[in-house]
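Structure assessment
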Amino acid sequence: MQHTVVERELELKLVLSPERSIPVPARLEYRADDPYAVHVTFHIGSNSPVDWTFARELLVEGVFRPCGHGDVRVWPTKVDGRAVICMALSSPDGDALLEAPASSVSAWLERTLHAVPPGTETDRLGLDSALAELLAPTPADDLWLRDPWPSDETAEDDV
């Protein structure tokens, strides 16, 4: 099975207020062996980056229309004439509103959709081979498949 990884480094903007934002380097990552998810790593100047994982479908839909609820919401908009994708992320540690360049996100998503087309994700999970391996007979199975109780009908000669 092919383990394709589609990555993109880009700079997002963390919106602090309507007038103020700061740049945040980030990496978008998509792995064919985790076909339903996208992974976003934010490098916020701390010792450890901040990782978020959510449905690829959510990001694909969010390029075109507002979607999501709860911890992750995504929507397209324009800021100063630029097309951007907004991501509102909520966690127990706080909330963040990020803006990503729409063209960069769209181009990256296009690459993920080419790597694993929508509707083929389950093929990448390897469930069929894992299930076949799990259900494959083993030599010990022969013991279990034999009748554990000898027949009551014994031949006269055997007595």
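Structure's up top.
Quick summary incoming for the structure in this document. Predicted, not measured: the structure shown is a model, and the values here were computed from it.

What about the overall build of the chain?
In terms of helices and strands, the chain carries five helices and eight strands. Mapped from its N terminus to its C terminus, the chain presents α and β elements in the order β-β-β-β-α-β-β-β-β-α-α-α-α. Out of the 159 residues belonging to the chain, those deemed buried represent 30%. In the chain, the proportion of contacts linking residues at least 24 apart, taken out of those at least 6 apart, comes to 36%.

Let's talk about empty space enclosed by the protein
Per the stated rule, a full pass over the model turns up one cavity of 30 Å³ or more. Taken together, Leu 28, Val 40, Leu 59, Met 87, Ala 100 and Val 105 make up the full set of residues lining the largest cavity. A breakdown of the residues in the lining of the largest cavity according to their chemical character gives six nonpolar, no polar and no charged.

Here's the deal with the nonpolar core
If you look at the biggest cluster of nonpolar residues, it comprises 30 residues, and the most contacted ones within it are Leu 12, Phe 42, Phe 54, Leu 59, Val 74, Val 105 and Trp 108. Residues contacting Leu 59, with those up to four places away along its chain left out, are Val 38, Phe 54, Val 74, Ile 85, Val 105, Trp 108 and Leu 109.

Details of unusual backbone geometry
Unusually for a residue other than glycine, Asp 80 sits at a positive phi of about 50 degrees. When its relative accessible area of 75% is taken as the criterion, Asp 80 is described as exposed.

Remarks on the layout of surface pockets
In this approach the atoms are scanned with a rolling probe the size of a water molecule, which exposes any empty space left behind. If you add up the space inside the largest pocket, you get close to 270 Å³. Val 50, Trp 52, Gly 94, Asp 95 and Ala 96 are the residues nearest the centre of the largest pocket, which is lined by 13 residues in total. Listed by contribution, the elements that provide at least two residues to the lining of the largest pocket are β4 (50–55), β7 (82–91) and β8 (94–101). Counting residues per element, the lining of the largest pocket draws most heavily on β8, which supplies four residues. Here the lining of the largest pocket is composed, by residue class, of nine nonpolar, two polar and two charged. By volume, the second largest pocket is sized at about 170 Å³. Taken together, Lys 13, Val 15, Ser 17, Pro 18, Glu 19, Arg 20, Ser 21, Val 79, Asp 80, Arg 82 and Glu 99 make up the full set of residues lining the second largest pocket. Elements with a contribution of two residues or more to the lining of the second largest pocket: β1 (5–17) and β2 (20–31).

Observations regarding the pairing of β2
Sheet analysis places β1 next to β2, joined by twelve bridges and oriented antiparallel. Residue pairing across strands places Leu 14 opposite Ile 22, the latter belonging to β2. Where β1 folds back on β2, the antiparallel hairpin that results is connected by two residues. Looking at chain direction, β2 and strand β3 (residues 37–42) are connected through four bridges and run antiparallel. For Ala 26, the partnering residue across the bridge sits in β3 and is Phe 42.

Rules used in this analysis
For every chain, the first residue of the written sequence is number 1, and numbering continues from 1 onward in sequence order. Thresholds applied to this predicted model are a pLDDT of at least 70 for local features of residues and 80 or more for the giving and counting of side-chain atom pairs; totals over whole chains, interfaces and linings are not thresholded and use all residues. Side-chain descriptors were evaluated using all non-hydrogen atoms of the structure, hydrogens and water having been removed beforehand. Strands are runs of DSSP state E lasting at least 2 residues, helices are runs of H or I lasting at least 4, and numbering of each runs from the N terminus. Per-residue accessibility, obtained with a 1.4 Å probe over protein chains only, is compared with the maximum for each type, and a residue is labelled buried under 20%, exposed over 50%, and partly exposed between these values. Every residue pair with non-hydrogen atoms within 4.5 Å of one another is taken to be in contact. Here a cavity is any set of points on a 1 Å grid over the protein atoms alone where a 1.4 Å probe fits but cannot get out, and a pocket is any open set with protein on both sides within 12 Å along at least 5 of 7 lines; a residue lines the site when it has an atom within 4 Å of a point. Grid points are joined across faces, edges and corners, and a volume is the space filled by probe spheres set on the points. Put simply, Ala, Val, Leu, Ile, Met, Phe, Trp, Tyr, Cys and Pro go in the nonpolar bin, Asp, Glu, Lys and Arg in the charged bin, and everything else, Gly too, in the polar bin. The set of buried Ala, Val, Leu, Ile, Met, Phe, Trp, Tyr and Cys residues whose side-chain atoms join them within 4.5 Å is what this entry labels a nonpolar core. Pairing between strands is defined by DSSP: at least two bridges between the two strands are required.

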